[in-house]
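Survey of secondary and tertiary structure
Below, each chain spelled out in residue letters.
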Amino acid sequence: MNTKIYKRVLFLTDNLMAAAQEENQAKFDGYYLELRELCEEHEKTDKDHPVQWETLADFTDDLALAVTIYEQALVKAEAINSKDFRSSIGFSIAALKVELGDKTGAIEHLEKAKISCNKIVDKELKAEIHDLLEELKDS
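This brings us to the overall build of the protein chain. When its secondary structure is counted, the protein chain shows seven helices and zero strands. Reading the protein chain from its N terminus to its C terminus gives the helix and strand order α-α-α-α-α-α-α. In summary, the protein chain has a C-alpha radius of gyration of 15 Å against a globular reference of 14 Å for 139 residues, a match within 12%. By principal-axis analysis of the C-alpha atoms, the protein chain measures approximately 40 × 35 × 25 Å. Per-residue burial over the protein chain gives 44% buried out of 139 residues. By element, 50% of the accessible surface of the protein chain is carried by carbon and sulfur atoms, the whole surface being about 8,100 Å².

Here we take up the pattern of salt bridges. Two side chains with opposite charge may pair up if their charged atoms get near one another. The tally for this structure, following the rule as stated, stands at seven salt bridges. Residues arginine 8 and glutamate 34 are paired through a salt bridge, measuring 2.1 Å at the closest nitrogen-oxygen approach. In this pair, arginine 8 is assigned in helix α1 (residues 3-22) and glutamate 34 in helix α2 (residues 25-42), connecting sequence segments 26 residues apart. The class for arginine 8 is partly exposed, based on a relative accessible area of 31%.

A word on helix α4 (residues 63-79). Given a rise of 1.5 Å per residue, 17 residues ought to cover 24 Å, and the 24 Å separating the end C-alpha atoms of α4 matches this to within 8%. For α4, the complete set of buried residues consists of Ala66, Val67, Ile69, Tyr70, Ala73, Leu74, Lys76 and Ala77. Looking at the buried side of α4, the elements it contacts are α2, α3 (50-58), α5 (83-99) and α6 (103-116). The backbone nitrogen of alanine 64 lies 3.1 Å from a side-chain oxygen of the residue at the head of α4, namely aspartate 62. Just downstream of α4, asparagine 81 is the residue with a positive phi angle, here 50°.

Residues Asp84, Asp122, Glu124, Glu128, Asp131, Glu135 and Asp138 make up a contiguous surface patch of negative charge. Inspection of the secondary structure puts glutamate 128 in helix α7 (residues 123-138). By relative accessible area, which is 35% here, glutamate 128 ends up partly exposed.

The next thing to look at is the packing of α5 against α7. Axis angle and axis distance: for two packed helices, these are the angle between their axes and the distance between the axes, and together they describe the pair. In contact at an axis separation of 10 Å, α5 and α7 are set at 35° when each is read in the N-to-C sense. Crossing of α5 over α7 shows left-handed handedness. Here Ser87, Ser88, Phe91, Ala95 and Val98 of α5 come into contact with α7, specifically with Leu125, Glu128, Ile129, Leu132 and Leu136. Residues that form the contact of α5 with α7 fall into these classes: seven nonpolar, two polar and one charged.

In this structure, Leu16, Tyr32, Leu35, Leu56, Tyr70 and Ile89 are the most contacted members of the largest nonpolar core, which totals 27 residues. When residues of this core are traced back to their parent elements, those giving at least two are α1, α2, α3, α4 and α5. It is α4 that provides the largest number of residues to this core, a total of seven residues. With residues near it in sequence (within four places) discarded, leucine 35 still touches Val9, Leu12, Leu16, Gln52, Thr55 and Leu56. In terms of nonpolar packing, the next biggest core, distinct from the first, is built from 13 residues, Ala94, Ile120, Leu125 and Leu132 among them.

Our next topic: the packing of aromatic side chains. Applying the stated criterion across every chain, the model contains three aromatic pairs. Residues phenylalanine 11 and tyrosine 31 carry aromatic rings whose centres are separated by 6.4 Å and whose planes lie at 85° to one another, so their mutual orientation is edge-to-face. Residue phenylalanine 11 is located in helix α1, and its partner tyrosine 31 is located in helix α2; the two are separated by 20 residues in the primary sequence. Each ring, one from phenylalanine 28 and one from tyrosine 32, has its centre 6.4 Å from the other, and the planes form 15°; the classification is stacked.

Thresholds applied
- Residues numbered from 1 in each chain as written.
- Predicted model: local features only at pLDDT ≥ 70, side-chain atom pairs only at ≥ 80, totals over all residues.
- Heavy atoms only, no water.
- Helix = DSSP H or I, 4+ residues; strand = E, 2+ residues; numbered from the N terminus.
- Rg over C-alpha atoms; globule rule 2.2 N^0.38 Å.
- Buried < 20%, exposed > 50% of the residue type's maximum accessible area, 1.4 Å probe, protein only.
- Areas by Shrake-Rupley, 256 points an atom, 1.4 Å probe, with all protein chains shown as cover.
- Salt bridge = Lys/Arg side-chain N within 4 Å of Asp/Glu carboxyl O.
- Expected span 1.5 Å × (residues − 1).
- Contact = heavy atoms within 4.5 Å.
- Polar contact = N/O pair within 3.5 Å; in protein donor to acceptor, adjacent residues only side chain to side chain.
- Patch = residues over 30% accessible without salt bridge, like charges linked within 9 Å, V, L, I, M, F, W, Y side chains within 5 Å.
- Lys, Arg positive; Asp, Glu negative; His and termini not counted.
- Charge placed at Lys NZ, Arg CZ, Asp CG, Glu CD.
- Axes fitted to C-alpha atoms, helices over the stretch in contact; angles between N-to-C directions.
- Left-handed = near helix turned anticlockwise from the far one by under 90°.
- Nonpolar A, V, L, I, M, F, W, Y, C, P; charged D, E, K, R; others polar.
- Core = buried A, V, L, I, M, F, W, Y, C linked by side-chain atoms within 4.5 Å.
- Phe/Tyr/Trp six-rings, centres within 6.5 Å; stacked < 30°, edge-to-face > 60°.

As C-alpha cells, this is what we get:
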C-alpha cells in the first residue's frame, strides 16, 4: 500500500475516533466524508487497497451499508490475495450479519474467513472466528 495513503487513512481514523469520543457529529461526518472521498478517488487505480474500504466500513453506522462496503473491501483483499484482510473483513461481515439476523450468511463468511486465517499470525482473530463460528453452528 502507498505509504502516503496509509498515513492519510491512519490520520482520518484517529480523528474519527476522537470525534466519536467527543460526540462531535459534525467533525465525525467531515472526517468520514474525507475517508469516503479518498476511497472513491483511488477506486480501480493502483492505489486502491482494502484497508481504505475496511476502515470506511468500520465507521459506517448503517449496518447494511457497512456490509456492502466490507464486501467491496473483501473483493479488493481477494484481488491482492491478502489472507489477513480476507480474514478480518470476513469476520466483520459475519458479525454484522449476526446483528442483522442473517445467521446463514454469517456462517458462510466465517467459514471462508476460517480458511483464510490458517496462515495468519493474529491468533486472537483466529480464535474470534473459530468461537463465533462454533457458537452459530451450535445455536
